[in-house]
Amino acid sequence: MELGACTTKWTVDYLSQAEGSKEVKIHVSAVPQMDFLSKNFVYRTLPFDVFVRRAAEVSHKEYFLSEDEKYYLRSVGEDVRKDIADIRKQFPTLAEDVQIPEYFEKEQFFSSVFRISSAGLQLWTHYDVMDNFLIQVTGKKRVALYSPRDAPYLYLSGTKSEVLDVDNPDLEKYPLFVKAKRYQCFLEAGDVLFIPALWFHNVISEEFGVALNVFWKHLPADCYDKNDTYGNKDPTAASRAIQILDRALKTLEELPEEYRDFYARRMVLRIQEKAYRNDYG
């Protein structure tokens, strides 16, 4: 798959020179496993060229938290409340080096998220609501994936899993996690991984690396939240359904425990009957 000159040009020196000292907001963590739920990281701002060189280092002479802290850049729009991430706008010089695979119509494009990670950094397990390509431009990544049907075993909090360490999970706290079937792949420079919407993924950067995530709207545009600039809010119909369910559960609290249990089970059976896919088993 042709990706352009980025796979050969994007060295640390080239990246630093191409975008210079423009300031970027980054994640900084004292531990390799970043946890969005507990927020075990801090946000800091650095000139882009300084950030790139620090992210490429194993040990730092200058640092915020510790000598071996990890760095992560997830590009965002100019105004995160209104603007999506688009490498052509936030990093126009680098965008000239990239050829995005044309597997969707231009009007379906949602965002192109530029990412840089320190070696050893692990991102939390989560799902996205849009299909996307993970383009590994430089470096190596390991990606663990879990099917949407395994959601009951992933201990979800919103779009994210509470199980941070997927290699050595706390099975006393998360006993059902062993039922989740894991798919795994390793990406090297020039590889592209298609991640379908709703598939959970956990990513480890085995080396300092640069990647580009390209998201597109595979559902009709009006299915998505128009105020969602990150592309991770549930479709509007799903959000409404969850709100209705929450109100129904609140209503059940008016019943004695035995009745509440009985009617809750009836609700589950009705959801299974009306909404579950038959081919999921």
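Scroll up a little and you will see the structure.
In this text the structure is predicted, and so the values were computed from the model without any measurement.

Student: So what about unusual backbone geometry? Which residues, and what values?
Tutor: In this structure, lysine 39 takes a positive phi of about 55° despite not being glycine. By relative accessible area, which is 40% here, lysine 39 ends up partly exposed. A positive phi angle, close to 55°, is found at tyrosine 155, a residue other than glycine. Counting through the fold element by element, tyrosine 155 comes out in the loop between strand 7 (141-146) and strand 8 (156-157).

Student: So what's going on with helix 2 (residues 12-19)? Residues and values would help.
Tutor: Taken residue by residue, helix 2 has Leu15, Ser16 and Glu19 as its buried positions. Along the axis of helix 2, the buried residues cluster in a sector spanning 95°; they form a single face. If you follow the buried residues of helix 2, they end up packed against helix 3 (48-56), helix 4 (87-90), helix 5 (92-95) and strand 13 (209-216). Once helix 2 finishes, glycine 20 follows within two positions and takes phi at roughly 60°, a positive value.

Student: So, the sheet that holds strand 13: which residues are in play, and what are the values?
Tutor: Read across the sheet, seven strands follow the order 2-1-3-4-13-6-11 without closing on themselves; strand pairing throughout is antiparallel. The open sheet has two edge strands, strand 2 (42-47) and strand 11 (192-195), and neither has a second partner. Each adjacent strand pair in this sheet contributes to an overall mean axis angle of 25°, direction not counted. With respect to the sheet, helix 3 is in contact with strand 1 (23-29), strand 2, strand 3 (70-74) and strand 4 (109-117), its orientation differing from that of strand 2 by roughly 115°.

Student: So what's going on with the nonpolar core? Residues and values would help.
Tutor: Membership of the largest hydrophobic core comes to 30 residues, with the highest contact counts inside it found for Trp10, Phe48, Phe51, Leu73, Phe114 and Ile116. Among the elements of the structure, strand 1, helix 3, strand 3, helix 5, strand 4, strand 6 (131-138) and strand 13 are those that each provide at least two residues to this core. One finds Val113, Val129, Leu154 and Val166 within the second-largest nonpolar core, a separate group that totals 17 residues.

Student: Any details on a nonpolar patch on the surface? Residues and values, ideally.
Tutor: There is a patch of nonpolar side chains on the surface, built from Leu245, Leu249, Ile271 and Tyr276 and spanning about 360 Å² of accessible area. Tracing the backbone through its elements, the reader meets isoleucine 271 in helix 7 (residues 257-275).

Student: How would you explain a negative patch on the surface if you had to name every residue and give the values?
Tutor: A grouping of Glu188, Asp191, Glu206 and Glu207 is seen on the molecular surface, where their side chains present a negatively charged patch. Its place among the elements puts glutamate 188 in the loop between strand 10 (182-187) and strand 11. Residue classification places glutamate 188 among the partly exposed residues on the basis of a relative accessible area of 45%.

Student: Can you lay out the pattern of salt bridges for me, pointing to particular residues and giving the numbers?
Tutor: Per the counting criterion, the structure on display carries nine salt bridges. Measuring nitrogen to oxygen at the nearest pair gives 3.0 Å for the salt bridge that ties arginine 142 to aspartate 167. Of the two residues, arginine 142 sits in strand 7 while aspartate 167 sits in the loop between strand 9 (160-161) and strand 10, which places them 25 residues apart along the sequence. Arginine 265 is the partner of aspartate 261 in a salt bridge, and the nearest nitrogen-oxygen pair spans 2.8 Å. Placement of both aspartate 261 and arginine 265 in helix 7 is noted, with a separation of four residues, approximately one turn of the helix. Residue classification places aspartate 261 among the partly exposed positions, given a relative accessible area of 37%. The structure contains a network of salt bridges with shared partners spanning Arg142, Asp167 and Arg182.

Student: Quick one: what's the story with the environment of valine 166, residue by residue and with numbers?
Tutor: Mapped onto the fold, valine 166 is located in the loop between strand 9 and strand 10. Since its relative accessible area comes to 5%, valine 166 is described here as buried.

Student: Lay out the pairing of strand 3 in plain terms, naming residues and giving numbers.
Tutor: Counting buried residues in strand 3 gives five out of five residues, a clear majority hidden from the surface. Of the two faces of strand 3, the one carrying Lys70, Tyr72 and Arg74 and the one carrying Tyr71 and Leu73 are both buried. In this structure, strand 1 lies alongside strand 3, joined through three bridges in antiparallel fashion. Bridged to serine 29 within strand 3 is lysine 70. Relative to strand 4, strand 3 is paired through three bridges, and the arrangement is antiparallel. Note on strand 4: the bridge partner recorded for tyrosine 72 is serine 117.

Calculation notes
- Residues numbered from 1 in each chain as written.
- Predicted model: local features only at pLDDT ≥ 70, side-chain atom pairs only at ≥ 80, totals over all residues.
- Heavy atoms only, no water.
- Buried < 20%, exposed > 50% of the residue type's maximum accessible area, 1.4 Å probe, protein only.
- Helix = DSSP H or I, 4+ residues; strand = E, 2+ residues; numbered from the N terminus.
- Arc of directions from axis to C-beta.
- Contact = heavy atoms within 4.5 Å.
- Pairing = 2+ DSSP bridges.
- Axes fitted to C-alpha atoms, helices over the stretch in contact; angles between N-to-C directions.
- Core = buried A, V, L, I, M, F, W, Y, C linked by side-chain atoms within 4.5 Å.
- Patch = residues over 30% accessible without salt bridge, like charges linked within 9 Å, V, L, I, M, F, W, Y side chains within 5 Å.
- Areas by Shrake-Rupley, 256 points an atom, 1.4 Å probe, with all protein chains shown as cover.
- Salt bridge = Lys/Arg side-chain N within 4 Å of Asp/Glu carboxyl O.
- Lys, Arg positive; Asp, Glu negative; His and termini not counted.
- Charge placed at Lys NZ, Arg CZ, Asp CG, Glu CD.

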